[in-house]
Amino acid sequence: MSKITKAGGDDTGFDKPLYVPIKRRSFFMYAGATAGATALLLSGCDDDEVFADPTPPTPTPGTTVSVGSGDVGVLNYAYALEQLEAAFYTQLRTGSYYTGLNATSAERQILDDLYYHEVIHREFFKAAITGAAPTAIIKDLTPNFSAINFNDRASVLGAAKAFEDLGVSAYNGAGRFISTTGNGPLYLLLAGKIVSVEARHAAIIRDLLQEGNFVGTDVINSSGLEISKTPTEVVAAANTFLAEGSKLNVSGLV
Amino acid sequence: MNIFQIISEIEKVDPEVYDRLDSRRSIFKHMSGMGKTLAAAAVPMAFGAVLNKAYAQTSMAPGVNDVLNFALKLEYLEAAFYNQGLGAANGTATAVQTALRAGFSATNLAALDKIRNDETAHVAFLRTALGTNAIDAPAANTFDFTGGKGGTPGPFATVFTAPATFLAVAQALEDTGVRAYKGGAPYLASNKDVLTAALNIHSVEARHASRIRTMRRAGAMNNAASQTAAGTDRSASPKSWVSGNDGGGPAPAQTAAVYGMGAAPAYTPAVITFPGEENVTQGGVNLQTALSSLNFPAAAFSEAFDEALPVPVVSDIARTFVITGSTFI
């Protein structure tokens, strides 16, 4: 039975599989998806080792943080976004908008829950990637929230809306980069478990800003489908909230 | 025993029975050979074996069209629910629909109309995506949203007359939708564009679920639903996300399955499980234990993740709202 070779499934979860080099064939499959980029990618790819054991990003100011490629790249990408969200809700709790809220108010309780959930997401990815590919995990990112006024409701909730909507569109857009073999289906499912919670967050934050705007026309198309974003589109937005040296590079996800 | 009559009967519930049997043609041949040497009494057993073989295919992972058609069925169900309750967009509302609409605040009614439009759009999108493979729209009388399955009005007898009941059923349907798309996603991964489309519907269902839950805890007539905090009884006053198993949902006797665990079918990859919504173990890590130093409320660890449901369990839940004898779900 294949079950035996799966190392216990959910019990052990993030163990060996990602130490195994991603098969060359799988890589070609991704590279082939963007014909024009194939040659470029191959020229930068000497052998499979690059994907099995990438060098950790060097935390030098002025450089970017590469999330890597393949399933680990997607996990790092999600981890980066969760780091950003968790940092936002952590800093939010120090501003006078939050501290001025009555403890029994819906707004306070909602923001508390979002803080808990996002920190749990961040720690989950940290544990998951550390278990699966400890040498490939990205560093702790340094945010730059100077554009947000944490003492002002509109500024805080506006930023929360931006982060939550961005998170949903990012997860939706990244699903296609997860492999279909090995632990790929598990990673896809785990991402799916998180993205719907992010969508629930986005809905209530949008309702707090404008009652009934939980699924506004800015986030769905005329077929009622959420508008997803490519990693490149997402990091263009996310990088504006990251300090120099912590800005993301997602060129490995194509 | 008339084998062909039996197959004809089967065809009524499974139009694809001939395909199934045909794909096992070699077994048919084998069976006809047996007929000459075996006693007549053994034939029923042999025929049973053929059927088992034919239906063993259901242990195979569903194909892309299967998953999309299953999603389409759920969207038909959801769209029918909102259309029957609220009236179709640009249609003339009946007296009952007008009365129900009057039971919601302006913002809540606008939200429900928006959700109805989305579900109708999802039906249209999936039908287009499936093309000629799309299953037909069911007749309106296929559904019984009272939960009575076509007999005596069921536990949700007031579904289209009492706004609170309407929202309760809506929550069960939306939360089921979220779990169903999540469970189906891994079988769509071979087609990246279809997978992305399904994910893009999945998150919209989650936004709907969030809003329905927000409205439920504030009450149907509240015009500022987001300003009402959740109560301690999650089944009656839910958060906008699923907290634990939400006390079994809006009507625990009927909706507990929406928040419970699902039994993984044989075709499910070994790495995938279907725990209940109260689950706190993700990727093999018990997060509540591993992250105990955070001192977060216990409920947060289950709230941070929605769980998937497999097709058979979703079908069971959906059948609550389908008349007995219908093979729609």
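Here the structure is a predicted model, which means the values were calculated and not measured.

Attention now goes to the overall build of chain B. Across its full length, chain B carries 13 helices and two strands. Restricting to contacts in chain B with at least 6 residues of sequence separation, those with at least 24 account for 71%. Summing over all exposed atoms, chain B offers an accessible surface of approximately 13,400 Å²; the carbon and sulfur share of this is 58%.

Listed by partner, the interface residues are 66 residues for chain A and 71 residues for chain B. Interface of chain A and chain B: buried area, both sides summed, is about 5,500 Å²; carbon and sulfur atoms make up 63% of it. Counting across the chain A and chain B interface gives nine salt bridges. Taken together, the connections running from chain A to chain B amount to 34 residue pairs in polar contact (both at pLDDT 80 or more). Going through the elements one at a time, helix H7 (106-132), helix H8 (153-174) and helix H9 (184-209) of chain A are the ones with two or more residues in the side of chain A that touches chain B. Examining the composition of the side of chain A that touches chain B, we find that 20 residues originate from one element, H9(A), more than from any other.

With that out of the way, let us pick up the packing of helix H5 (residues 70-92) of chain A against H9(A). Residue and element names in this part refer to chain A. At a minimum axis separation of 11 Å, H5 and H9 run at an interaxial angle of 20 degrees. When the axes of H5 and H9 are compared, the pair comes out roughly parallel. Pair H5 / H9 crosses with left-handed handedness. Across the interface between the two elements, Asp71, Leu75, Glu82 and Glu85 from H5 touch Gly184, Tyr187, Ile194 and Glu198 from H9.

The description of an aromatic ring pair uses the distance of the two centres, along with the angle that the planes make with each other. Counting across every chain of the model gives 28 aromatic pairs over all chains. Judged by centre distance (6.0 Å) and plane angle (80 degrees), the ring pair of Phe88(A) and Phe145(A) falls under edge-to-face. Of the two residues, Phe88(A) is situated in helix H5 and Phe145(A) in the loop between H7 and H8; the sequence distance between them amounts to 57 residues. Looking at Arg108(A), its charged tip hangs above the ring of Tyr98(A), at a distance of 4.4 Å from the centre. The residue whose ring lies beneath Lys114(B) is Phe214(A), and the NZ or CZ to ring-centre distance is 5.5 Å.

The subject of this paragraph is the environment of Asp306(B). Residue placement: Asp306(B) occurs in the loop between helix H12 (298-303) and helix H13 (311-318). Separated by 131 residues in the primary sequence, Asp306(B) and Asp175(B) have C-alpha atoms spaced 9.4 Å apart. Once residues lying within four places of it in the same chain are set aside, the contact partners of Asp306(B) are Lys193(A), Ser196(A), Val197(A), Arg200(A), Val178(B), Lys182(B), Val242(B) and Glu277(B). At 2.9 Å, the side chain of Asp306(B) forms a polar contact with the side chain of Arg200(A).

Thresholds applied
- Residues numbered from 1 in each chain as written.
- Chains lettered and ligands numbered in written order.
- Predicted model: local features only at pLDDT ≥ 70, side-chain atom pairs only at ≥ 80, totals over all residues.
- Heavy atoms only, no water.
- Helix = DSSP H or I, 4+ residues; strand = E, 2+ residues; numbered from the N terminus.
- Contact = heavy atoms within 4.5 Å.
- Areas by Shrake-Rupley, 256 points an atom, 1.4 Å probe, with all protein chains shown as cover.
- Buried area = accessible area lost by both parts, 1.4 Å probe.
- Salt bridge = Lys/Arg side-chain N within 4 Å of Asp/Glu carboxyl O.
- Polar contact = N/O pair within 3.5 Å; in protein donor to acceptor, adjacent residues only side chain to side chain.
- Axes fitted to C-alpha atoms, helices over the stretch in contact; angles between N-to-C directions.
- Parallel < 35°, antiparallel > 145°, perpendicular 65-115°, else oblique.
- Left-handed = near helix turned anticlockwise from the far one by under 90°.
- Phe/Tyr/Trp six-rings, centres within 6.5 Å; stacked < 30°, edge-to-face > 60°.
- Lys NZ or Arg CZ within 6 Å of the ring centre and 35° of its normal.

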